[in-house]
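# Descriptive analysis of the structure
As a plain string of letters, each chain reads:
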Amino acid sequence: ASNGDISFYNTAGTSQNLFWDSSASSLGIGVTNVGTKLDIATEANKAGLRVTAPNTTNQSFGATIAAGTSASDYALNVNNAAGSSTLFKVKGDGSSVFSGSVSATTNMVIGNGTHNELPLSFNSSSQDFSIGANGNFFMIAGHLSDLDSNQFLTVSSAGNVNIPNGSLMVGSTTAPARGIHLKGI
């Protein structure tokens, strides 16, 4: 084309499968009305993009996405197909937003059931918290290493609650003077 656009057609010559829009310096795969630098459209029940890295220990990276450093920058923004709803986003400052739901038919699974494989850790300037679970207990501890032996709280699979090394305050946020303190009851 005289305008610098380049099109690659399917074998029948009827569909543009790869399109370079020179005016926008953009590439379309499966789409000719390119809306971003790389625009990929796929058919139903097919992945639009797959990144595969070699299976080499400590030398394999699937994908790296770099973006700005503030909460208004997005490193990853996942929307529904209509673009009307944000499902998940990771912001440039490291914060993230999950706009979904978890139900009996659509579970969110973290780890493989052993708490030291992939617990949740919350870091703060004054106190860290780690949450883990195994086949018998849900546990909260101050640090990841404490999940095995120094938990703040455990809940057994039978529903029994244990505060092994602390005390319980009901009705206030101040530290109790005794093992159990019920305020206002």
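Details of the structure are given in the entry above.
Here the focus is the pairing of strand β3 (residues 26-29). As a general feature of sheets, a regular strand has side chains that alternate between the two faces. The alternating pattern of β3 places S26 and G28 on a buried face and L27 and I29 on a face that is not buried. Summarising the sheet, strand β2 (residues 16-21) and β3 pair through four bridges and their orientation is antiparallel. From the neighbouring strand, D21 faces β3, where its bridge partner is S26. Linking β2 back to β3 in an antiparallel pair, the connection comprises four residues, with S25 at a positive phi of about 50°. Of the strand pairs in this sheet, β3 and strand β4 (residues 38-40) are connected by three bridges, and their pairing is parallel. Of the residues in β4, the one forming a bridge with L27 is L38.

Considering all chains together, one arrives at one salt bridge under this definition. A salt bridge links E43 to K46, with the nearest nitrogen and oxygen atoms 3.9 Å apart. When its relative accessible area of 55% is taken as the criterion, E43 is described as exposed. The class of K46 is exposed, set by a relative accessible area of 52%.

The rules behind each value
Residues numbered from 1 in each chain as written. Predicted model: local features only at pLDDT ≥ 70, side-chain atom pairs only at ≥ 80, totals over all residues. Heavy atoms only, no water. Buried < 20%, exposed > 50% of the residue type's maximum accessible area, 1.4 Å probe, protein only. Helix = DSSP H or I, 4+ residues; strand = E, 2+ residues; numbered from the N terminus. Pairing = 2+ DSSP bridges. Salt bridge = Lys/Arg side-chain N within 4 Å of Asp/Glu carboxyl O.

Interpretation note: all reported values are geometric properties and have no functional meaning in isolation.
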